[in-house]
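One-letter residues, chain by chain:
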Amino acid sequence: MSQRARSAGRRPDAPRRNTLGLGERELNLMLDEMDASESVPPERRQRDYVRWPYRRSAVELRLHTGSASERTLHVACRNLSSGGVALLHSSFMHPGTRCEVVLVHPERGPVAIEGTVVRCQHRKGVVHEIGVQFAEPIQALDWVRPEGFAERFSMERVSPETVHGTVVYVDEGAADQRLVVHYLRDTHVRVRSASSGSQAMDLIVEGCDLVLSEFNLPDTDGAALVEQLRESGIRTPVIIVTSDTGDQTRRRLAEVRPSA
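Definitions and cut-offs
- Residues numbered from 1 in each chain as written.
- Predicted model: local features only at pLDDT ≥ 70, side-chain atom pairs only at ≥ 80, totals over all residues.
- Heavy atoms only, no water.
- Core = buried A, V, L, I, M, F, W, Y, C linked by side-chain atoms within 4.5 Å.
- Buried < 20%, exposed > 50% of the residue type's maximum accessible area, 1.4 Å probe, protein only.
- Helix = DSSP H or I, 4+ residues; strand = E, 2+ residues; numbered from the N terminus.
- Contact = heavy atoms within 4.5 Å.
- Pairing = 2+ DSSP bridges.
- Axes fitted to C-alpha atoms, helices over the stretch in contact; angles between N-to-C directions.
- Salt bridge = Lys/Arg side-chain N within 4 Å of Asp/Glu carboxyl O.
- Polar contact = N/O pair within 3.5 Å; in protein donor to acceptor, adjacent residues only side chain to side chain.
- Arc of directions from axis to C-beta.
- 1 Å grid on protein atoms, 1.4 Å probe; cavity = no way out; pocket = protein on both sides within 12 Å on 5 of 7 lines; lining within 4 Å.
- Points joined across faces, edges and corners; volume = space filled by probe spheres on them.
- Nonpolar A, V, L, I, M, F, W, Y, C, P; charged D, E, K, R; others polar.

Give me the lowdown on the nonpolar core, citing residues and values where you can.
Counting residues in hydrophobic clusters, the biggest one holds 27 residues, and the most contacted among them are L80, L87 and W143. A total of 5 residues in this core trace back to one element, the largest contributor, which is strand 1 (residues 52-64). Among all residues touching W143, those that are not within four sequence positions of it are Y54, L80, L103, V104, H105, P106, R108, V111, I113 and I138. By size, the runner-up hydrophobic cluster in this structure holds 20 residues, among which are A200, M201, F215 and L217.

And the structure:
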C-alpha cells in the first residue's frame, strides 16, 4: 500500500473521493491549517453573506465548457454561503467558467445549483481554492445546521434601503424599543413594539413579516411565545434575543425552532 493511500485512509484500488485524492481525516487537517492561517478573522470580513463551514470530501461539480458535453469532477468542499461555495481542486480553473454544484439537501436529496467560477486561488502544492458564485441566492441554512447559538449570532450584509416590511419587537424595556427603531431608521421597515407576550400576540395576528423578541418577558418567555404562535397556525419567523446561553435555554429554543 502506498503512503498516500494510507494517509487518505483508502485502499490503493479504491476510487478517489475527490481530485485531490484526500480522505476525510486528511482533508479536515488541511482545512484546519487553512482556517488557522487566515490573516483576517471571519467576523471582520466584509461579505454579503455569512460563510458557514461545510466540509465535504466529495461534491459533484459539473463544468459547462461551451460544447455539447459537460465535464464532471468530484471536488472537496470548504464552506457554503447563500451566495456561493468554496471548493478545493487539484489544478487551476478559469474564472468565468459556468458550472453546476450538486449539493445534497437533507430532505430533497441532490440539488444542482447553477453558478459561475469567480476566483481560483493557489493554496499549496496542487491545492487550488475555487470560488463559485451562485446564479441565484439559496437558503444556506437549508443545508447547514449550525450548532448551539451560531446562527443567532450571524449577520448578512445588506443595503438598508432594500429592506422592507413590518417587524413586531417584543421587549418590556422602552429604551431597547427605541434603540431598535433607531438602528432601522435608514430602512423601510415599520417597527411595532410590544412590552409583553400578550401584547405581541395582538399585534402579530394583525400581520407582520418578522417577530423579534427578548427571551425573558414579563408574562412568558420567547419559546412559549413561539409555541403559541405555531399552535395558532401563525408561521411568521421569530428571532429570539437573549444573553442566556445555558443548556436549558438552548434546549428550549431547539425544541421550538423559531425560524421554522
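Can you lay out the sheet that holds strand 8 (residues 188-194) for me, pointing to particular residues and giving the numbers?
As summarised here, the arrangement of the 4 strands in space is 8-7-9-10, forming an open sheet in which the pairing is parallel. Of all the strands in the sheet, just strand 8 and strand 10 (238-241) have a single pairing partner and so form its edges. When strand polarity is set aside, the average angle formed by the axes of neighbouring strands in this sheet is 20°. One ladder, built from 7 bridges, connects strand 7 (residues 164-170) with strand 8; its direction is parallel. Across the sheet, residue V168 finds its bridge partner in strand 8, namely R192. Helix 3 (residues 174-183) rests against strand 7, strand 8 and strand 9 (210-214) of the sheet, and its axis sits at about 175° to strand 8.

Any chance you could break down the pattern of salt bridges for me, citing the residues and the numbers?
Side chains that carry opposite charge are capable of pairing whenever their charged atoms lie near each other. On inspection of all chains with the given rule, the structure shows 13 salt bridges. Where K124 meets E33, a salt bridge forms, and the shortest distance between an N and an O atom there is 3.2 Å. You can see K124 sitting in strand 5 (residues 109-124) and its partner E33 sitting in helix 2 (residues 24-37), a full 91 residues away along the chain. For K124, a relative accessible area of 42% gives the class partly exposed. Here D35 ties to R55 by a salt bridge, and the two come within 2.8 Å at their closest N and O atoms. Of this pair, D35 sits in helix 2 while R55 sits in strand 1; the two residues are 20 residues apart in sequence, bridging distant segments of the chain. Assessed through its relative accessible area of 39%, D35 is described here as partly exposed. In this structure R55 comes out as partly exposed when scored by relative accessible area, which is 27%. A single salt-bridge network, built from bridges that share partners, covers D32, D35, R55, R78, R119, R123 and E129.

Residue-level account of the side chain of T242, with values.
Along the polypeptide, T242 turns up in the loop between strand 10 and helix 6 (247-256). You can call T242 buried: its relative accessible area is 15%. In this structure the side chain of T242 is engaged in a polar contact, spanning 2.9 Å, whose partner is the backbone nitrogen of D244.

Any details on the side chain of R78? Residues and values, ideally.
Mapped onto the secondary structure, R78 falls in strand 2 (residues 70-80). On the accessibility criterion, R78 (7% relative accessible area) is buried. Discounting residues that sit within four places of it in the chain, R78 has contacts with L31, M34, D35, E38, P53, Y54, R55, A86, R123 and E129.

Explain helix 6 to me, using residue names and the numbers behind them.
Of all the positions in helix 6, only T249, R252, L253 and V256 are classed as buried. In an axial view of helix 6, the angular spread of the buried residues amounts to 95°, which keeps them on one side of the axis. Of the residues in helix 6, the exposed ones pointing more than 90 degrees away from the buried face are D247, R251 and E255. On its buried face, helix 6 is in contact with helix 5 (222-231) and strand 10.

Tell me about the environment of M93, and please be specific about residues and values.
Mapped onto the secondary structure, M93 falls in the loop between strand 3 (84-89) and strand 4 (98-105). With a relative accessible area of 5%, M93 lands in the buried category. The spatial distance from the C-alpha of M93 to the C-alpha of G131 is 9.8 Å, given a sequence separation of 38 residues. Once residues lying within four places of it in the same chain are set aside, the contact partners of M93 are L61, L63, L73, V117, C120 and I130.

Explain the sheet that holds strand 2 to me, using residue names and the numbers behind them.
Read around the barrel, 6 strands follow the order 1-2-3-6-5-4 and close on themselves; strand pairing throughout is antiparallel. Along the sheet, successive strands turn relative to each other by an average axial angle of 45°, direction set aside. Set on the sheet, helix 2 makes contact with strand 1, strand 2, strand 3, strand 5 and strand 6 (127-134); between it and strand 1 the angle comes to about 105°.

Lay out the layout of surface pockets with the relevant residues and their values.
Where empty space is left can be seen by rolling a probe of water-molecule size over the atoms. Considered as a void within the structure, the second largest pocket measures approximately 350 Å³ in volume. If you trace the second largest pocket, you find 21 residues lining it, with Y49, R51, S81, G83 and G84 closest to the centre. For the lining of the second largest pocket, the element with the most residues is strand 6, which contributes 4 residues. Grouping the constituent residues of the lining of the second largest pocket by class yields 9 nonpolar, 7 polar and 5 charged.

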